[in-house]
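# What the coordinates show
Each chain, written out:
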Amino acid sequence: MHDSSRSHDLREFPLDKLVACHECDLLMLKPELAPGERAECPRCGFELFSHQPHMLGRSLALVIAALLLYVPANFLPILQLRLLGQTSQDTVWSAVVALYESGLQGIGVVVFLCSMGIPLLKLLCQLAVLLSIRWGVGRGYGLLLYRIYHHLREWGMLEVYFMGILVSIVKLVSLADLAVGAGLICFVCLLLVQVWLEITMSPHQVWEALSRGRTHASH
């Protein structure tokens, strides 16, 4: 049953003191969290947000690591294929070029955007946002870039490309000699670092730091 007195009490608080559940739309007071704690909706149990300790420093380290892995992951050989006395080495970039030169320009452009272009743009947006918080400058641009990053999240499909690589390995392993290249190892490491970054870079702390100019998001 709807509690009118409760609603009346909530209306007395400013908006920045309230939070709404993304699953059941329950409006409630925003809890204050200690490092390592997380807030859950009392009605449906959905995780509202969490407070990651040392979020800023850890996120910056992970973004830089991902950027360092980006070049070898895309330009070093992923697989070495030996078939009928011939050897070929394939990279992510060579696959894009091969698609484009074979007349599949549209598919080549899509593969380039989803496997190389957009993932790089996401990392650069994250780096710019974190540096904006760290240095305390350009927070308005940081807000814009963080919104852009959230719109790009659905288009960065490194995991889909990785699944395609695994399927290719399974199908070719009985037809030819395959050797894993350094590019594949870097590609897997890049995926793992990005997953870790998604967990570490708490959206709640980033939005608060950008909107209020607070610098203690890293503590």
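Quick caveat, the model's predicted, so the values are computed rather than measured. (Residues numbered from 1 in each chain as written. Predicted model: local features only at pLDDT ≥ 70, side-chain atom pairs only at ≥ 80, totals over all residues. Heavy atoms only, no water.)

### Observations regarding the overall build of the chain
Short version of the rule: Runs of E in the DSSP output that reach at least two residues are strands. Runs of H or I that reach at least four are helices, and both are numbered from the N terminus. Only protein chains enter the accessibility calculation, which uses a 1.4 Å probe; a residue is then buried when its area is under 20% of its type maximum, exposed when over 50%, and partly exposed in between. The contact criterion used throughout is that any non-hydrogen atoms of two residues lie within 4.5 Å. What sets the accessible areas is the Shrake-Rupley method with a 1.4 Å probe; for residues, cover comes only from the shown protein chains.
Within the chain, the secondary structure is distributed over 8 helices and 7 strands. Across the 219 residues in the chain, those meeting the buried criterion constitute 37%. Pairs at least 24 apart in sequence give 60% of the contacts found in the chain among residues at least 6 apart. Just so you have it, the chain exposes about 12900 Å², and 65% of that area is on carbon and sulfur atoms.

### Observations concerning the environment of Thr200
Relative to the helices and strands, Thr200 resides in helix α7 (residues 182-200). Owing to a relative accessible area of 1%, Thr200 belongs among the buried residues under this scheme. Note: C-alpha distance between Thr200 and Arg58 (142 residues apart in sequence) is 7.2 Å.

### Observations regarding the packing of aromatic side chains
Note the following rule: Pairing of aromatic rings covers Phe, Tyr and Trp, the last counted by its six-membered ring, and requires centre-to-centre distances within 6.5 Å; plane angles under 30 degrees mean stacked, over 60 mean edge-to-face, and any other angle means tilted.
Under the counting rule described, the total for this entry stands at 4 aromatic pairs. Ring geometry for Tyr146 against Tyr149: centres 5.7 Å apart, planes inclined by 15°, an arrangement best described as stacked. Separated by 3 residues within a single helix, Tyr146 and Tyr149 lie in helix α5 (residues 139-152), roughly one turn from each other. Overall, the relative accessible area of 1% leaves Tyr146 in the buried class. Residue Tyr149 is classed as buried on the basis of its relative accessible area of 3%. Note on Tyr146 and Trp207: the rings are 4.8 Å apart at their centroids and 70° apart in plane angle, and the pair reads as edge-to-face. Remark: Trp207 occurs in helix α8 (residues 203-212) and Tyr146 occurs in helix α5; sequence separation between them is 61 residues. Feature note: the residues Phe75, Trp93 and Phe112 constitute an aromatic cluster, connected by ring pairs.

### Some points on a nonpolar patch on the surface
Condition: Like-charged residues are merged into a patch within 9 Å and nonpolar side chains (Val, Leu, Ile, Met, Phe, Trp, Tyr) within 5 Å, provided each residue has over 30% relative accessible area and no salt bridge. The term salt bridge refers to a pairing of a side-chain nitrogen on Lys or Arg with a carboxyl oxygen on Asp or Glu at a separation within 4 Å.
Residues Val71, Phe75, Trp93, Tyr100, Val109, Phe112 and Leu113 make up a contiguous nonpolar surface patch of roughly 630 Å² in combined accessible area. Elements supplying a minimum of two residues to the nonpolar patch: α2 (55-75), α3 (92-101) and α4 (105-135). Counting residues per element, the nonpolar patch draws most heavily on α4, which supplies 3 residues. Inspection of the secondary structure assignment puts Leu113 in helix α4. Given the relative accessible area of 37%, Leu113 is considered partly exposed.

### A word on the confidence of the model for the chain
What counts, and what does not: The predictor rates its confidence in each residue with pLDDT, a number between 0 and 100.
Residues at a pLDDT of 70 or more form 73% of the chain, whose mean pLDDT is 77. Of all helices and strands in the chain, the one with the weakest mean pLDDT is helix α1 (residues 4-11) (53), whereas α2 scores best (93). Note that pLDDT drops below 50 for residues 1-7; the model gives that stretch 2 contacts with residues more than four away or on any other chain. Confidence over residues 214-219 falls short of pLDDT 50; this stretch has 18 contacts with residues more than four positions distant or in other chains.

### A closer look at α4
Here is the rule: Each residue after the first adds 1.5 Å to the expected span of a helix. Note on bend: the value at a residue is the angle between axes fitted to the seven residues ending there and to the seven starting there.
Taking 1.5 Å of rise per residue, the 31 residues of α4 would be expected to cover 45 Å, and the 42 Å separating its terminal C-alpha atoms lies within 8% of that figure. For α4, the principal kink sits at Leu113 and spans about 45°. Looking one or two residues beyond α4, the residue adopting positive phi is Gly136, at roughly 70°.

### Topic: the environment of Ile199
Tracing the sequence through the fold places Ile199 in helix α7. When the C-alpha atoms of Ile199 and Gln52 are compared, they prove to be 8.8 Å apart, with 147 residues separating the residues in sequence.

### A few points about the packing of α2 against α4
This is how it is decided: To obtain an axis, a line is fitted to C-alpha atoms, over the contacting stretch when the element is a helix, and the angle between two such axes runs from 0 to 180 degrees between their N-to-C directions. Working rule for angles: under 35 degrees goes down as roughly parallel, over 145 as roughly antiparallel, 65 to 115 as roughly perpendicular, anything else as oblique. Left-handed describes a crossing in which the near helix is turned anticlockwise from the far one by less than a right angle; the clockwise case is right-handed. Each residue receives one of three labels: charged for Asp, Glu, Lys and Arg, nonpolar for Ala, Val, Leu, Ile, Met, Phe, Trp, Tyr, Cys and Pro, and polar for the others, Gly being one of them.
Running from N to C, α2 and α4 cross one another at 155°; their axes reach a closest spacing of 10 Å. Of the possible angle classes, the one that applies to α2 and α4 is roughly antiparallel. The handedness of the crossing between α2 and α4 comes out as left-handed. Facing α2, whose interface residues are Leu56, Gly57, Ser59, Leu60, Val63, Ala66, Leu67, Tyr70, Asn74 and Phe75, α4 presents Ser115, Met116, Gly117, Leu120, Leu123, Leu124, Gln126, Leu127, Leu130, Leu131, Ile133 and Arg134. Its residues assigned to classes, the contact of α2 with α4 shows 15 nonpolar, 6 polar and 1 charged.

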